[in-house]
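Now for the letters of each chain:
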Amino acid sequence: MYLVANIDQSICAATSCKLCTQYCPEANTIQYDNEAGKDKGFKYGAAYVAVDRCKGCAQCVWVCDNMAKHHAIKMEMIDQIGDAALTENITYHDKNTKAVLASPLKG
Amino acid sequence: MSLDYVKFTPGFGKFMPKEYRDMVEHGPFGKKTSVSQVGTFKEILEEHPMCAGCAMTLFIRLAIISFPNPEDTITVGTAGCGRLAISQAAIPFVYGNYGDQNGVASGLSRGLRLRFGDRPKDVVVMAGDGGTADIGFAQTLHSWFRKEKFTTIMLDNEVYGNTGGQESGMTNKNQVLKMAPLGKKFEKMDMLGMAKVAGCAYVATVVPNNPRRVESVIKKAVLIAREIGPTYIQAYTSCNIEYAIPTDKVMEDAKEVENDRYKFSEYITDEAKQYLGELYGYKEYLPKPAAAVAKS
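This text gives an overview of the structure that appears in the document. Note that this is a predicted model, so its numbers are computed, not measured.

Rules used in this analysis
- Per chain, residues are indexed from 1 in the order of the written sequence.
- Written order decides the labels, with chains lettered from A and ligands numbered from 1.
- Given that the model is predicted, a residue must reach a pLDDT of at least 70 before its local features are reported, and side-chain atom pairs must reach 80 or more before they are shown or counted; all residues, however, enter totals for whole chains, interfaces and linings.
- With hydrogens and water set aside, each side-chain value is computed from the structure's full complement of heavy atoms.
- In this description a helix means any DSSP run of H or I spanning at least four residues, a strand means any run of E spanning at least two, and both kinds are numbered starting from the N terminus.
- The size measure is the radius of gyration over C-alpha atoms, and the globule rule it meets is 2.2 Å times the number of residues to the 0.38 power.
- Relative accessibility decides the category of a residue: with a 1.4 Å probe and only protein chains considered, values under 20% of the type maximum give buried, values over 50% give exposed, and everything between is partly exposed.
- In this analysis, two residues are considered to be in contact whenever any of their non-hydrogen atoms come within 4.5 Å of each other.
- Each nonpolar core is a collection of buried residues, namely Ala, Val, Leu, Ile, Met, Phe, Trp, Tyr and Cys, held together in the definition by side-chain atoms within 4.5 Å.
- Axis geometry follows a simple rule: fit a line to the C-alpha atoms, using only the stretch in contact for helices, then measure angles between N-to-C directions, giving values from 0 to 180 degrees.
- Left-handed describes a crossing whose near helix is turned anticlockwise from the far helix by less than a right angle; the clockwise case is right-handed.
- In this classification, Asp, Glu, Lys and Arg are treated as charged, Ala, Val, Leu, Ile, Met, Phe, Trp, Tyr, Cys and Pro as nonpolar, and every other residue, Gly included, as polar.
- Each pair of strands is called paired provided DSSP finds at least two bridges between the two strands.
- Cavity means a closed set of points on a 1 Å grid over the protein atoms alone, one where a 1.4 Å probe fits but cannot get out, pocket means an open set with protein on both sides within 12 Å along at least 5 of 7 lines, and lining means a residue has an atom within 4 Å of a point.
- Grid points are joined across faces, edges and corners, and a volume is the space filled by probe spheres set on the points.
- Counted as a polar contact is a pair of N or O atoms within 3.5 Å, where, for protein atoms, one must be capable of donating a hydrogen and the other of accepting one, and residues adjacent in sequence contribute only when both atoms are in side chains.
- Convention used here: angles under 35 degrees read as roughly parallel, angles over 145 as roughly antiparallel, angles from 65 to 115 as roughly perpendicular, and any remaining angle as oblique.
- Salt bridge, as used here: a side-chain nitrogen of Lys or Arg that lies within 4 Å of a carboxyl oxygen of Asp or Glu.

Observations regarding the overall build of chain B
Phase 1 of the analysis: Looking only at helices and strands, chain B features eleven helices and seven strands.
Phase 2 of the analysis: Relative to its length of 296 residues, chain B is compact, with a C-alpha radius of gyration of 19 Å against a globular reference of 19 Å.
Phase 3 of the analysis: Considered along the principal axes of its C-alpha atoms, chain B spans approximately 65 × 60 × 35 Å.
Phase 4 of the analysis: Residues counted as buried form 54% of the 296 residues belonging to chain B.
Phase 5 of the analysis: Taking all contacts inside chain B whose residues are at least 6 apart in sequence as the whole, residues at least 24 apart take part in 67%.

Written as structure tokens, this is what we have:
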């Protein structure tokens, strides 16, 4: 098993800084859902990780902890994450993306 | 070399991989996308074999997002780490033999101007410090002296990272590396100074820990290279393997190096300022109104 980044969307949706999406060295990996958290009263959405593309470098963790100071991203073993986004479950819309979360190991 | 070359034949869409369909339908081609929107559209860079946490990858990703017209851009590269990612983007990539990437780009740029006339087709060279300043040094400088209109980007990781850690001309003095155990004996080459002397219209240094700045610098360089002359960007893109930087500290290192010896600098000729101001609405380069001048 290996580590991948996992974003706590309840913390992320409260600030919606989008820094991690800009600092990830992998393309199409940290995605953004403009609708996330709206059911909880947040306005600007939250980021999530396509775990099948994540190489586990943890740059986003440093950026979230030290630049944004939101502490929303943790490195977790991929088999310890209940549901996560996988590239095949991500749908692109006009200026937004949506993911149906599924078990990263079972798909 | 147009939006159409990525589109699939009607009826074949369902047989294409999801990534390809997403790229055609929700990619940045023909749209104005920016770094701040990243994560909400399909990027044209795909999965690549570069090391986890590589700052060079981050810079390449940001650069490709920042191209003003990705559907009308050709990248040219050479041996080195960078080409592993640049070649995985959905824009044409030409692989020059080691060192001749600026020669290849010169011909390409001239040919495209003959073929397409006024329609801008951007040529962007992205090569490492070895390809630009050591092995390709002559061709790089000569393309600048000839005022070839394309952008040269040096991915400066200050080492030959792909071959085990030999010193390059851009390595700092006294730096000890795996294949330079006694430390480098000479100073880092002043490529910025040489670019200015050779007649580049725009010269900038940038570090990828400021994505918006990377975007701004790339856009200006590509736009200026369309009409005015050669442009040069030198980007610090650390090699976390050869310099033993833990991957989660890569941005911390970038920040330290930026504050220390890789400060952001920008040189732009008056002609390029006027061109950007008048054609592309860069207000900071437009002449100030008479009232504002009198006030200051």
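Now, onward.
Quick notes on the nonpolar core
Phase 1 of the analysis: Core analysis: the biggest nonpolar cluster contains 61 residues, and B:Phe59, B:Met126 and B:Ile218 have the highest contact counts within it.
Phase 2 of the analysis: Not counting residues within four places of it along the chain, the set of residues in contact with B:Met126 comprises B:Ile60, B:Ala63, B:Ile64, B:Phe67, B:Thr75, B:Val76, B:Gly77, B:Thr78, B:Ile86, B:Ile153 and B:Leu155.
Phase 3 of the analysis: Counting residues in hydrophobic clusters, the runner-up holds 25 residues, among them A:Cys12, A:Ala13, A:Ala36 and A:Ile78.

A short note on the packing of helix H6 (residues 137–145) of chain B against helix H7 (residues 191–198) of chain B
Residue and element names in this part refer to chain B.
Phase 1 of the analysis: Two elements in contact, H6 and H7, have axes separated by 8 Å at closest approach and are oriented at 35 degrees. Along this stretch, H6 crosses H7, giving a crossing that reads as right-handed. The segment H6 lies against H7, with Phe-137, Thr-140, Leu-141, Trp-144 and Phe-145 engaging Met-191, Met-194, Ala-195, Val-197 and Ala-198.
Phase 2 of the analysis: When the residues that make up the contact of H6 with H7 are grouped by side-chain class, the tally is nine nonpolar, one polar and no charged.

Considering the sheet that holds strand E7 (residues 265–268) of chain B
Whenever strands of a sheet pair, they do so through backbone hydrogen bonds, lying parallel or antiparallel.
All names here are of chain B.
Phase 1 of the analysis: With respect to topology, seven strands assemble into an open sheet ordered E2-E1-E3-E4-E6-E5-E7, the strand pairing being mixed. Both edges of this open sheet fall to strand E2 (93–95) and E7, since each of them pairs with a single strand only. This sheet shows a mean twist of 15 degrees between the axes of neighbouring strands, independent of strand direction.
Phase 2 of the analysis: Of the pairings in the sheet, the one linking strand E5 (residues 202–206) to E7 comprises four bridges and is antiparallel in character. Across the sheet, the residue bridging to Ala-204 is Glu-266, located in E7.

Description of empty space enclosed by the protein
Residues and elements named next belong to chain A.
Phase 1 of the analysis: The tally for this structure, following the rule as stated, stands at five cavities of 30 Å³ or more.
Phase 2 of the analysis: Its volume calculated, the largest cavity comes out at about 90 Å³.
Phase 3 of the analysis: Looking at the largest cavity, it is lined by 13 residues, and the ones nearest its centre are Cys-24, Thr-29, Cys-54, Cys-57 and Cys-60.
Phase 4 of the analysis: Classifying every residue of the lining of the largest cavity gives eight nonpolar, three polar and two charged.
Phase 5 of the analysis: Its boundaries defined by the atoms lining it, the second largest cavity holds a volume of some 70 Å³.
Phase 6 of the analysis: As for the second largest cavity, its lining consists of Cys-12, Thr-15, Ser-16, Cys-17, Leu-19, Cys-20, Val-63, Cys-64, Ala-68, His-70, Ala-72 and Ile-73.
Phase 7 of the analysis: Only helix H1 (9–15), helix H2 (19–23) and helix H3 (59–68) provide two or more residues apiece to the lining of the second largest cavity.
Phase 8 of the analysis: It is H3 that provides the largest number of residues to the lining of the second largest cavity, a total of three residues.
Phase 9 of the analysis: Here the residues of the lining of the second largest cavity are counted per class, giving nine nonpolar, three polar and no charged.

Re unusual backbone geometry
Residues and elements named next belong to chain A.
Phase 1 of the analysis: Residues other than glycine seldom take positive phi values, yet Ser-16 does so here, at roughly 50 degrees.
Phase 2 of the analysis: At His-71, a residue that is not glycine, the phi angle is positive and equals roughly 55 degrees.
Phase 3 of the analysis: Assignment of secondary structure puts His-71 in the loop between H3 and strand E4 (73–77).

A word on the side chain of B:Asp156
Residue and element names in this part refer to chain B.
Phase 1 of the analysis: Relative to the assigned elements, Asp-156 resides in strand E4 (residues 151–156).
Phase 2 of the analysis: In this structure the side chain of Asp-156 is engaged in a polar contact, spanning 2.7 Å, whose partner is the side chain of Lys-188.
Phase 3 of the analysis: Side-chain polar atoms of Asp-156 contact the side chain of Tyr-262, separated by 2.7 Å.

Looking at the packing of H3(A) against helix H9 (residues 250–260) of chain B
Phase 1 of the analysis: Packing of H3(A) against H9(B) brings their axes to within 8 Å, and their N-to-C directions diverge by 60 degrees. Judged by the angle between their axes, H3(A) and H9(B) are oblique. Across the interface between the two elements, A:Gln59, A:Trp62 and A:Val63 of H3(A) pack against B:Val250, B:Met251, B:Glu252 and B:Lys255 of H9(B).
Phase 2 of the analysis: Counted by class, the contact of H3(A) with H9(B) contains four nonpolar, one polar and two charged residues.

Overview of the side chain of B:Ser168
All names here are of chain B.
Phase 1 of the analysis: Tracing the backbone through its elements, the reader meets Ser-168 in the loop between E4 and H7.
Phase 2 of the analysis: Classification of Ser-168 by relative accessible area gives buried; the value is 2%.
Phase 3 of the analysis: Side chain to side chain, Ser-168 and Asp-129 meet in a polar contact 2.6 Å long.

Remarks on the pattern of salt bridges
Phase 1 of the analysis: A complete count under the given rule lists 21 salt bridges over all chains for this structure.
Phase 2 of the analysis: The salt bridge partner of B:Glu148 is B:Arg110, with a shortest N-O separation of 2.4 Å. Taken together, the residues span a long stretch of sequence, with B:Glu148 in the loop between H6 and E4 and B:Arg110 in helix H4 (residues 101–116) at a distance of 38 residues.
Phase 3 of the analysis: Classification of B:Glu148 by relative accessible area gives buried; the value is 5%.
Phase 4 of the analysis: Residue classification places B:Arg110 among the partly exposed residues on the basis of a relative accessible area of 46%.
Phase 5 of the analysis: B:Glu242 serves as the salt-bridge partner of B:Lys178, at 3.5 Å between the closest nitrogen and oxygen. Note that B:Lys178 is positioned in the loop between E4 and H7 and B:Glu242 in the loop between strand E6 (231–236) and H9, a separation of 64 residues in sequence.
Phase 6 of the analysis: Owing to a relative accessible area of 56%, B:Lys178 belongs among the exposed residues under this scheme.
Phase 7 of the analysis: In this structure B:Glu242 comes out as buried when scored by relative accessible area, which is 12%.
Phase 8 of the analysis: Beyond isolated ion pairs, a larger network of salt bridges with shared partners links A:Arg53, B:Glu19, B:Lys42 and B:Glu46.

So yeah, pure geometry; function would need other evidence.
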